[in-house]
Amino acid sequence: MLTLQFIPHSEIRDLSSEKKIHKLLRVVKEEKIVLLEGKLSSSEKSELIRKTMEEIDDRFKGIEIEELDIDKKDKAFLDKIRTILINFILGSRKGLTIIGPATIIKEIKKDPDKIQLFTEETRKKKKR
Amino acid sequence: MGLFTNFLKRFLKNLFKKKKEIKLGLYGPPNSGKTTLANKITMDWIGEEMGNVSTIPHETREIQIKEQIRIKSKGKELTFNLVDTPGIATQIDYEDFLKAGLKEKQAKRRAKEATKGVIDAIKWLDDMDAVVVVLDSTKDPYSQVNITIIGNLEARKIPVLIVANKIDLKKSDIKKVQAAFPQYDVVGISAKYGKHINDFYETLFKVTNR
């Protein structure tokens with residue numbers, strides 16, 4: 001089953017970069033896709049990659065990461081997020097980071113108008 | 001006191017004078033042609049190759065250094081230690097190496113070495129004086145790996161030259177690379193065939209202020 005976990009900015013705002021990365025990676029390793037409100041800094045992303053490499057084993061193959069810029073006016077995107085995550089409001093903060101286990105997310109494609117998140121489950125449904 | 005003052009003046013002058021040689025790093029995602037470019041540079045200027053190349057990703061899994069490479073052109077000169085790094089990736093799956101024809105034990109060992117290589121490449125970023133980011137111009141330049149590498153270099157104020165490699169291939173799109181990183185010098189080359197390699201050297205002088 002595909003699980004998405006939304007992490008609001010308030011949940012990581014006061015964490016050190018190290019603790020932030022640790023938290024995100026822990027969720028991803030539970031085979032969940034993280035939707036993180038806001039963006040990681042470049043040094044946090046390189047730290048995330050570094051930590052990911054340390055964790056890779058026969059079961060965990062790494063991550064896929066993508067950043068999305070949200071326009072407040074882009075209702076189509078907001079509607080999509082609501083559909084996926086069921087009734088929440090992103091508020092005034094721009095940006096969303098998607099981090100998922102590489103084995104589950106085969107492709108994350110960025111599109112300014114609509115987001116298409118391809119997962120193994122989506123592809124299996126299409127094949128049926 | 002005068003002697004000490006002179007010594008101090010000389011010491012401080014030497015400390016802050018322009019470095020004679022710099023550490024020039026080659027960074028980028030796996031299979032973008034970093035080692036092919038490294039070999040082109042070392043063959044051009046010292047007559048020997050630096051590392052092995054392969055179509056299987058993560059061929060370079062350790063930091064490789066060639067010291068004291070001096071390049072000259074039109075009265076300009078640059079001496080550097082060339083640092084070829086493992087490709088940076090967010091995922092490494094040993095099964096990809098199985099598909100490439102390696103046996104399971106070999107594939108798992110390669111994957112383990114590759115993860116260590118990525119960790120080392122990230123650690124060494126801080127030590128670079130200038131970086132050439134080598135991108136495969138047939139691929140999407142907007143990857144998070146590319147953005148992360150360049151973002152880190154920008155934050156550290158390390159001079160960057162972006163190479164859009166593999167222009168010999170049909171799907172090559174330099175304009176896309178230039179559009180992705182408009183604030184940087186982007187040179188389109190074929191490291192394999194040496195196309196526009198002189199443009200690369202000229203831009204290297206410019207980026208390193210030589």
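Above this text you will find the structure in question.
Residues numbered from 1 in each chain as written. Chains lettered and ligands numbered in written order. Predicted model: local features only at pLDDT ≥ 70, side-chain atom pairs only at ≥ 80, totals over all residues.

Draft legend 1. Broad picture of the nonpolar core. Residues and elements named next belong to chain B. In this structure, Ile88, Val133, Ile162 and Val163 are the most contacted members of the largest nonpolar core, which totals 67 residues. Broken down by element, the residue count for this core peaks at six residues, all from helix H4 (residues 104-124). Those residues within four positions of Val163 in sequence are excluded, and the remaining contacts are Leu37, Val132, Val133, Val134, Leu135, Val187, Ile189 and Phe200. (Core = buried A, V, L, I, M, F, W, Y, C linked by C-beta atoms within 7 Å. Buried ≥ 20, exposed ≤ 12 C-beta atoms within 10 Å, placed from the backbone. Helix = DSSP H or I, 4+ residues; strand = E, 2+ residues; numbered from the N terminus. Contact = placed C-beta atoms within 7 Å.)

Draft legend 2. Inspection of the environment of Lys99(B) at higher detail. For Lys99(B), the position within the fold is in helix H3 (residues 94-99). With 26 residues separating them along the chain, Lys99(B) and Ser73(B) place their C-alpha atoms 44 Å apart.

Draft legend 3. Here's a closer look at helix H5 (residues 144-155) of chain B. Taking 1.5 Å as the rise per residue, H5(B) with 12 residues should run 16 Å; its terminal C-alpha atoms sit 16 Å apart, in good agreement. Among all positions of H5(B), only Gln144(B), Val145(B), Asn146(B), Thr148(B), Ile149(B), Ile150(B), Asn152(B) and Leu153(B) are buried. Buried residues belonging to H5(B) abut helix H3 (42-55) and strand S3 (63-68) of chain A together with strand S1 (21-27), strand S4 (130-136) and strand S5 (160-165) of chain B. The first or second residue beyond H5(B) is Lys157(B), which carries a positive phi of 55 degrees. (Expected span 1.5 Å × (residues − 1).)

Draft legend 4. The arrangement of the pairing of S4(B) in detail. Residues and elements named next belong to chain B. In terms of burial, S4 is a largely internal element, six of the seven residues being buried. Direction of pairing for S1 relative to S4: parallel, over a ladder of four bridges. Paired with Leu26 across the two strands is Val132, which belongs to S4. One ladder, built from six bridges, connects S4 with S5; its direction is parallel. Residue pairing in the sheet places Val133 in a bridge with Ile162 of S5. In terms of handedness, the path from S4 via H5 over to S5 forms a crossover that is right-handed. (Pairing = 2+ DSSP bridges. Right-handed = clockwise from strand over helix to strand, strands pointing away.)

Draft legend 5. Highlighting the environment of Asp185(B). Along the chain, Asp185(B) falls in strand S6 (residues 185-188). Discounting chain neighbours no more than four positions away, the residues touching Asp185(B) are Leu161(B), Ile162(B), Thr203(B), Lys206(B) and Val207(B).

Draft legend 6. Representation of the packing of H3(A) against H5(B) in the model. Taken N-terminus to C-terminus, the directions of H3(A) and H5(B) make an angle of 130 degrees; their axes are 8 Å apart at the nearest point. In terms of their interaxial angle, H3(A) and H5(B) are classed as oblique. With respect to the hand of their crossing, H3(A) and H5(B) are arranged in left-handed fashion. Across the interface between the two elements, Ser42(A), Ser43(A), Lys45(A), Ser46(A) and Ile49(A) from H3(A) touch Gln144(B), Thr148(B), Gly151(B), Asn152(B) and Ala155(B) from H5(B). A per-class count over the contact of H3(A) with H5(B) returns two nonpolar, seven polar and one charged. (Axes fitted to C-alpha atoms, helices over the stretch in contact; angles between N-to-C directions. Parallel < 35°, antiparallel > 145°, perpendicular 65-115°, else oblique. Left-handed = near helix turned anticlockwise from the far one by under 90°. Nonpolar A, V, L, I, M, F, W, Y, C, P; charged D, E, K, R; others polar.)

Draft legend 7. Just the packing of H3(A) against H4(B), in detail. It is at 9 Å that the axes of H3(A) and H4(B) come closest, and there the two elements cross at 155 degrees. Regarding the angle of H3(A) to H4(B), the classification is roughly antiparallel. Between H3(A) and H4(B) the crossing geometry is left-handed. Two secondary-structure elements touch here, H3(A) through Ser46(A), Ile49(A), Arg50(A), Met53(A) and Glu54(A) and H4(B) through Thr115(B), Val118(B), Ile119(B) and Ile122(B). For the contact of H3(A) with H4(B), the class distribution of residues is five nonpolar, two polar and two charged.

Draft legend 8. Region of interest: unusual backbone geometry. Residue and element names in this part refer to chain B. Even without being glycine, Asn31 reaches a positive phi, approximately 65 degrees. Considering the arrangement of structural elements, one finds Asn31 in the loop between S1 and helix H2 (34-46). Phi is positive for Lys157, which is not a glycine, with a value near 55 degrees. Since 7 C-beta atoms lie within 10 Å of it, Lys157 is described here as exposed.

Draft legend 9. Looking closely at the interface of chain B and chain A. Across the contact, 14 residues belong to chain B and 18 residues belong to chain A. Broken down by secondary-structure element, the contributors of at least two residues to the side of chain B that touches chain A are H4 and H5 of chain B. Of the residues forming the side of chain B that touches chain A, the biggest block, five residues, is contributed by H5(B).

Draft legend 10. Focus on the sheet that holds strand S2 (residues 32-37) of chain A. Residue and element names in this part refer to chain A. Taken together, the four strands give an open sheet; going across it, the order is S1-S2-S4-S3, and neighbouring strands pair in mixed fashion. The sheet terminates laterally at strand S1 (3-7) and S3, the two strands that pair on one side only. Going from strand to strand, the sheet's axes swing by 15 degrees on average, the running direction of each strand aside. Both S3 and strand S4 (residues 96-101) contribute to a ladder of six bridges, which runs antiparallel. Within the sheet, the bridge partner assigned to Ile63 lies in S4 and is Pro101. Sheet strands in contact with helix H2 (residues 17-29) are S1, S2, S3 and S4, and its direction is about 150 degrees off that of S2.

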